Amino acid sequence: MRRRQFTIEQGLNFGGRVLLLNVGLFVFSFGIILVAKAGLGLGSWDVLHKGLSLHTPLSFGQASQATGLIVILVSLFLGVKPGLATICNMFFVGFWMDMLINNGVIPDAGPLGGLVAQLAWVGAGILVLGLGSGMYIKAGLGAGPRDSFMLALVTRTGWRVAVCRAIIEIMVCIVGWLIGGPVGIATVIVAFGLGPSVELGFKICRVKVERSAKVVAPKVEVVQVG
């Protein structure tokens with residue numbers, strides 16, 4: 001009887017973590033679309049996703065899903081296995097992105113107040129991205145696909161996490177820009193503002209970050225996601 005009660009409690013705990021993970025992914029997706037609706041450019045990975053959607057039948061969200069799947073497969077080849085959060089991130093971020101766009105939940109900022117409204121959308125989007133990151137990291141169910149890839153690169157090269165992240169972000173942004181993805185002032189603001197926003201999100205969600213390299217890579221770098 002005691003063992004049965006323990007199992008039920010563990011199941012409820014796991015269910016709560018899965019719920020928190022997926023609420024966090026929705027919040028994260030909301031932040032991406034806030035930045036997109038500002039009309040001032042996108043974060044680096046989303047520049048690539050938008051560029052792909054311009055040249056394929058894929059929607060913005062579906063391009064994110066397809067990219068995530070490819071990155072998961074590459075990471076697996078490099079020795080990093082996907083977890084539950086990796087799969088959920090790959091699917092649900094793109095799903096919620098398309099849902100938010102198709103239902104017109106977030107209006108374009110420009111007609112509402114010009115540049116002031118656009119910058120407000122970008123700022124709000126970055127804050128929401130940080131909060132979503134804190135929520136889904138708090139669930140403790142693993143890293144997103146793009147961060148699994150970064151972890152694989154760190155493992156294979158021995159380079160610092162910051163160096164690998166910068167290389168990936170720059171390359172992805174350049175490729176996205178070359179195929180028509182929107183690069184603008186928001187791209188720069190997101191690049192510099194997301195880190196502090198994620199730290200704030202971690203603080204709000206009471207996410208504890210260990211300082212050992214093995215823990216920092218998969219937990220902290222999940223924040224750049226898309």
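Residues numbered from 1 in each chain as written. Predicted model: local features only at pLDDT ≥ 70, side-chain atom pairs only at ≥ 80, totals over all residues. Heavy atoms only, no water.

**Digging into the overall build of the protein chain**
What the protein chain contains, in helices and strands, is nine helices and zero strands. Seen in sequence order, the protein chain has helices and strands lined up from the N terminus as α-α-α-α-α-α-α-α-α. Within the protein chain, the proportion of its 226 residues that are buried is 45%. By sequence separation, contacts in the protein chain at least 24 residues apart represent 81% of the contacts at least 6 residues apart. Accessible surface computed for the protein chain: about 11,700 Å², of which carbon and sulfur atoms make up 69%. (Helix = DSSP H or I, 4+ residues; strand = E, 2+ residues; numbered from the N terminus. Buried < 20%, exposed > 50% of the residue type's maximum accessible area, 1.4 Å probe, protein only. Contact = heavy atoms within 4.5 Å. Areas by Shrake-Rupley, 256 points an atom, 1.4 Å probe, with all protein chains shown as cover.)

**Quick word on a nonpolar patch on the surface**
Residues Trp159, Val163, Ile167, Ile170, Met171, Ile174, Trp177, Leu178 and Val183 make up a contiguous nonpolar surface patch of about 900 Å² in total accessible area. The topology assignment puts Leu178 in helix α7 (residues 161-178). (Patch = residues over 30% accessible without salt bridge, like charges linked within 9 Å, V, L, I, M, F, W, Y side chains within 5 Å. Salt bridge = Lys/Arg side-chain N within 4 Å of Asp/Glu carboxyl O.)

**Brief notes about the packing of aromatic side chains**
Tallied over the entire structure, the rule returns six aromatic pairs. Between Phe26 and Phe30, the aromatic rings sit 6.3 Å apart at their centres with planes inclined by 50°, giving tilted as the arrangement. Here Phe30 and Phe26 lie together in helix α1 (residues 2-38), a separation of four residues that amounts to about one turn. Relative accessible area serves as the criterion here: at 31%, Phe26 is assigned to the partly exposed category. Classification of Phe30 by relative accessible area gives partly exposed; the value is 24%. (Phe/Tyr/Trp six-rings, centres within 6.5 Å; stacked < 30°, edge-to-face > 60°.)

**As for the environment of Asp98**
Within the secondary structure, Asp98 is located in helix α4 (residues 84-102). By relative accessible area, Asp98 is classed as buried at 15%. As for Asp98 and Gln62, which are separated by 36 residues in sequence, their C-alpha atoms are 7.8 Å apart. Discounting chain neighbours no more than four positions away, the residues touching Asp98 are Ser59, Phe60, Gly61 and Gln62.

**Structural notes on helix α8 (residues 185-205)**
Here α8 is 21 residues long and its end C-alpha atoms lie 29 Å apart, about the 30 Å a rise of 1.5 Å per residue gives. In α8, a bend of some 40° at Gly193 exceeds every other bend along the element, and Pro196, a proline, comes one to four places later. All of the buried residues in α8 are Ala186, Thr187, Val190, Leu194, Ser197, Val198, Gly201, Phe202 and Cys205. The positive-phi residue at the C-terminal boundary of α8 is Arg206, with phi of around 60°. (Expected span 1.5 Å × (residues − 1). Bend = angle between axes of the 7 residues up to and from the residue.)

**Some details on the confidence of the model for the protein chain**
Per-residue confidence for the protein chain gives a mean pLDDT of 84, with 86% of residues at or over 70. Taken element by element, the predicted model of the protein chain shows its lowest mean pLDDT in helix α9 (residues 213-220) (38) and its highest in helix α2 (residues 44-55) (95). Taken together, the stretch residues 211-226 has pLDDT below 50 and engages in 51 contacts with residues farther than four places along the chain or on a different chain. (pLDDT = per-residue confidence, 0-100.)

**With respect to helix α5 (residues 110-138)**
In this model, α5 (29 residues) spans only 34 Å end to end at C-alpha, well below the 42 Å of a helix rising 1.5 Å per residue. Val116 marks the point of greatest bend in α5, at about 85°. In the stretch just after α5, Gly140 is the one whose phi turns positive, near 65°.

**Observations regarding the pattern of salt bridges**
Evaluated as defined, the whole model comprises one salt bridge. Residue Asp108 is joined to Lys37 by a salt bridge in which the shortest nitrogen-to-oxygen separation is 3.5 Å. Taken together, the residues span a long stretch of sequence, with Asp108 in the loop between α4 and α5 and Lys37 in helix α1 at a distance of 71 residues. With a relative accessible area of 44%, Asp108 lands in the partly exposed category.

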